[in-house]
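Examination of the molecular architecture
Next come the chains, spelled out residue by residue.
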Amino acid sequence: MTTHKMSRWVAVAMGTALAAGLLSACGDAGATNKPDREAQQPSGEQANAQETSKPSPFAADSLQATLEQKDGKDVITNSTSMRVVVNKQRYLPDGYEPSDLVIPDVPFSYGDAEAQEKSHLRKEAAEALEQLFEGAKAANIELYAVSGYRSYARQKNIYDRNVSIKGEEEAAKVSAFPGTSEHQTGLAMDVSALSVNNDLEQTFGDTEEGRWLADHAQDYGFIVHYLKGKEEQTGYSYEPWHIRYVGKELAEAVHASGLSLEEYLDESNLNSGK
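Residues take numbers from 1 onward in each chain, read along the sequence in its written order. Totals for whole chains, interfaces and linings use all residues, but because this is a predicted model, local features are given only for residues with pLDDT of at least 70 and pairs of side-chain atoms are given and counted only at 80 or more. Where side-chain values are given, they derive from all heavy atoms of the structure, hydrogens and water being excluded.

Attention now moves to the overall build of the protein. We count a stretch as a helix when DSSP gives it H or I for four or more residues in a row; a strand needs E for two or more, and each element gets its number in order from the N terminus. Across its full length, the protein holds 10 helices and eight strands. Per-residue accessibility, obtained with a 1.4 Å probe over protein chains only, is compared with the maximum for each type, and a residue is labelled buried under 20%, exposed over 50%, and partly exposed between these values. The buried share of the protein, taken over its 274 residues, is 41%. Per element, the accessible surface of the protein, about 15,300 Å² overall, is 50% carbon and sulfur. Residue exposure ignores everything except the shown protein chains as possible cover, and the areas themselves are Shrake-Rupley values with a 1.4 Å probe.

Here is the structure:
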């Protein structure tokens, strides 16, 4: 082969090899880009993790976000919220009184509801209680309202009377210190299956009425707040008659969780997606 022909052959061979290499590189790049794009898509587990990491819709009313120190007391900052948590460690602001108290159109266990402070609830809670009673009636369940709103002054009278009878230590077990009663929020109502007897007993939870209430209160935005087995968290003994309005969304979430309201609204549980 002449030198000229050999040079020409070498040039052709090199060009072919270079073209093949470029094609191969392009092919490899295309293959590499596809997995990269797929890798950017979250897996099922990653998507679930992203979903559960979303802020809770109840975060603004968490226990930690709604408390401030004032005059040596832990005072709540969301007293007007339907999700407020008031207990023996969490005080309402001094002088707090709901501005929208009304009397729900439901049967009461006593006469002359108009004359009774305890006949009142905040408007939203009162309307929800009416719906709850209608639902109970449709299920052949007869309920009576017993005790709703309780002012600071009335709670003080109750507490002082219990202290005089039982002593301070025992009184603290059965009644709230003034300013720490959930009844003062206007969002709690004690109910009964009795039309003429105001006595409230734990056996109410074993009645048909009590079981219906435990199973269906959340459908109307209420929870049975003081649950059996949650005395340490709530600070109160089991009260199957005591329902608390928190709004339907939170009531359903708390009921489904099996937690007390205090546990559910703790930031650690809200952040865990419970």
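That shown, we press on.
Strand β6 (residues 188-192) sits mainly inside the fold: five of its five residues count as buried. Alternating positions in β6 separate into two faces, Ala188, Asp190 and Ser192 on one and Met189 and Val191 on the other, with burial throughout. Taken together, the three bridges between strand β5 (residues 144-147) and β6 define a ladder with antiparallel strand orientation. What sits directly across from Ala145, in β6, is Val191. If DSSP finds at least two bridges between two strands, the strands pair.

What follows deals with the pattern of salt bridges. By definition here, a salt bridge exists when the distance from a side-chain nitrogen of Lys or Arg to a carboxyl oxygen of Asp or Glu is within 4 Å. A complete count under the given rule lists nine salt bridges for this structure. Notably, a salt bridge pairs Arg83 with Glu249, separated by 3.7 Å at the nearest N-O pair. Linking Arg83 in the loop between β2 (73-76) and β3 (101-102) with Glu249 in helix α8 (residues 248-257), this pair joins segments that are 166 residues apart in sequence. Since its relative accessible area comes to 48%, Glu249 is described here as partly exposed. With a shortest N-O distance of 2.9 Å, Asp160 and Lys156 are connected by a salt bridge. Of this pair, Asp160 and Lys156 both sit in helix α4 (residues 152-166), four residues apart, roughly one helical turn. Linked by salt bridges that have partners in common, Asp61, Arg83 and Glu249 make up one network.

The subject of this paragraph is α4. A helix is expected to reach a length of 1.5 Å times the quantity of its residues less one. Under the 1.5 Å per step criterion, the end-to-end length of α4 is 21 Å for 15 residues, consistent within 8% with the ideal 21 Å. Among all positions of α4, only Gln155, Ile158, Tyr159 and Asn162 are buried. All buried residues of α4 fall inside an arc of 95° around its axis, so they share one side. Projecting away from the buried face of α4 at angles above 90 degrees are the exposed residues Asn157 and Ser164. Arc definition: it is the arc formed by the directions from the helix axis to the C-beta atoms.

A separate point is unusual backbone geometry. Even without being glycine, Asp112 reaches a positive phi, approximately 55°. By the secondary structure assignment, Asp112 is in the loop between β3 and β4 (121-122). Given a relative accessible area of 52%, Asp112 falls into the exposed group. Within the chain, Asn140 stands out as a residue other than glycine whose phi angle is a positive 65°. In this fold, Asn140 is placed in the loop between α3 (123-138) and β5.

A few words on the sheet that holds β5. Ordered in space as β5-β6-β8-β7, the four strands form an open sheet in which the pairing is antiparallel. The open sheet has two edge strands with one neighbour each: β5 and β7 (222-224). Averaged over all adjacent pairs, the angle separating strand axes in this sheet is 40°, with direction ignored. Bridging between β6 and strand β8 (residues 242-245) involves three bridges; their strand directions are antiparallel. Following the sheet pairing, Ala188 is matched in β8 by Arg244. It only takes one pair of heavy atoms within 4.5 Å for two residues to be counted as in contact. Fitting a line to C-alpha atoms yields each axis, with helices limited to the stretch in contact; the angle taken between N-to-C directions then spans 0 to 180 degrees. Sitting on the sheet, α3 is in contact with β5, β6, β7 and β8, with an inclination near 125° to β8.

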